[in-house]
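Chain by chain, the residues:
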Amino acid sequence: MPQATTGGAIGHLLPFDAGGGASHSTGTLTDVGHLVPVRAYLRSADIPPPSIGAYGVVAFRARPTPATRSRLLMACTSFVASIPPQALIPSSVAVSDQMLTIWPLDNPAAAEAVKDDCNFAIDHYDLFGGDSAIADAGKQGATFGEEGPFLIGWSPSNTRGVPDKLVLVVDMSRYNSQDSFDHAFLFWKQKIVEDPALWRSGFSVEGIRLAVRDFADGYGDTILKAAVSLWKK
């Protein structure tokens, strides 16, 4: 049976205000060094890039329609505003010291992509990149909302699609405002990417539970508590 956790132990989908700690964790909560959050547009064939230790994928269920366009544009706006592009990071920052968030795109070299044109980014979204990320997370027991988009993360990168390993999901299906999308990407950057203790050696269940609780309480974001989950079979 798929197992999930947001507020408690793996195997129980609990609210974040539930008492008690997680009975299972991977990784440590010691200081393992600061990681640099970066983002990139990549073709699905290039995901993940070589040497990446951990990464996340912005996953769509479909390219935009008139009904979904505004929400997907909000997701892109938050992606661009929250995370610096990998291309602008000094070469002195090793790939192993980066946590990469990927937007699948059919032509990353296009001038519009270089300019972070969100209309181009959603119209030219590489759908196989999103479909395959959702499918591989599903092999690990993850379930998803009807609409998305989703942030899906693996640490280390070779745990993708492995049933007994953890996958992190931020399900933004319920988000309908720019503020909500901003909070989701800010949480991803500040609490997940910039705290390597939560994922450097595999995701820490208890650490992520506490990070979600603290962020949601600080920003008054109750939706986030239900949006973030860890899964394994």
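The preceding data block contains the structure.
Notes on the structure in this doc start here. (Residues numbered from 1 in each chain as written. Predicted model: local features only at pLDDT ≥ 70, side-chain atom pairs only at ≥ 80, totals over all residues. Heavy atoms only, no water.)

A word on the pairing of strand β5 (residues 150–154)
Within a regular strand, the side chains alternate between the two sheet faces. For clarity, the threshold we go by: Summary of the burial criterion: residues with accessible area below 20% of their type's maximum are buried, those above 50% are exposed, and those between are partly exposed, where the area comes from a 1.4 Å probe applied to protein chains only. Under the DSSP-based scheme used, a helix requires at least four consecutive residues in state H or I and a strand at least two consecutive residues in state E, with every element numbered from the N terminus. For two strands to pair, DSSP has to find at least two bridges joining them.
The buried count for β5 comes to five of five residues, which makes it a mostly enclosed element. The sheet contact formed by strand β3 (residues 55–59) and β5 spans five bridges and is antiparallel. Residue pairing across strands places A59 opposite F150, the latter belonging to β5.

A look at the pattern of salt bridges
Under the convention used in this document: Take a side-chain nitrogen of Lys or Arg and a carboxyl oxygen of Asp or Glu: if they are within 4 Å of each other, that pair is a salt bridge.
Tallied over the entire structure, the rule returns six salt bridges. Where E147 meets R71, a salt bridge forms, and the shortest distance between an N and an O atom there is 3.6 Å. Here E147, found in the loop between α4 (127–139) and β5, pairs with R71, found in helix α1 (residues 69–82); they are 76 residues apart in sequence, far enough to count as distant. When its relative accessible area of 8% is taken as the criterion, R71 is described as buried. Look at the salt bridges and you will find they share partners, linking D136, K139 and R160 into a network.

Focus on α1
Rules: How far a helix is expected to stretch is found by multiplying one less than its residue total by 1.5 Å.
Between its first and last C-alpha atoms α1 spans 20 Å; for 14 residues at 1.5 Å apiece the expected length is 20 Å, and the two agree. Buried within α1 we find R71, L72, M74, A75, C76, S78, F79 and S82.

Here we look at the pairing of β3
We apply this condition: Here is how to tell: hold the view so the strands point away, follow the path from the first strand over the helix to the second, and if it runs clockwise the crossover is right-handed.
Most of β3 is tucked away, with five of its five residues classed as buried. The alternating pattern of β3 places Y55, V57 and A59 on one face and G56 and V58 on the opposite face, and all of these are buried. Here three bridges tie β3 to strand β4 (residues 98–104), and the two strands are oriented parallel to one another. The residue of β4 that forms the bridge with G56 is T101. Where the polypeptide runs from β3 across α1 and back to β4, its parallel neighbour, the crossover connection is right-handed.

A closer look at unusual backbone geometry
A cis amide bond, omega -5°, links I47 with the succeeding residue P48. Within the secondary structure, P48 is located in the loop between β2 (36–42) and β3. P149 follows G148 through a cis peptide bond whose omega is 0°. Of note, P149 is situated in the loop between α4 and β5.

Some words on the nonpolar core
As a reminder, the rule being used: The criterion is simple. A nonpolar core is a set of buried Ala, Val, Leu, Ile, Met, Phe, Trp, Tyr and Cys residues joined through side-chain atoms within 4.5 Å. We call two residues contacting when some pair of their heavy atoms lies within 4.5 Å.
By size, the foremost hydrophobic cluster in this structure holds 56 residues, and its most contacted members are W103 and I152. Setting aside chain neighbours within four positions, we find I152 in contact with Y55, G56, V57, A59, A133, I134, A137, F144, V167, L168 and W188.

What to know about the environment of G145
Here G145 lies in the loop between α4 and β5. Taking the C-alpha atoms as reference points, G145 and S173, separated by 28 residues in sequence, lie 5.7 Å from one another. Those residues in contact with G145 that lie beyond four places of it in its chain are R61, F150, D171 and S173.

Focus on the state of the cysteines
Heads up, the condition is: In plain terms, two cysteine sulfur atoms within 2.5 Å form what is called a disulfide here.
Taken as a whole and assessed by the stated rule, the structure comprises one disulfide. One disulfide in the model links C76 with C118; its S-S distance is 2.2 Å. Between C76 and C118, the S-S dihedral sits near -85°, and the bridge is therefore left-handed. One end of the pair, C76, is in helix α1; the other, C118, is in helix α3 (residues 118–123), and 42 residues separate them in sequence. C118 shares its class with C76; the two are buried.

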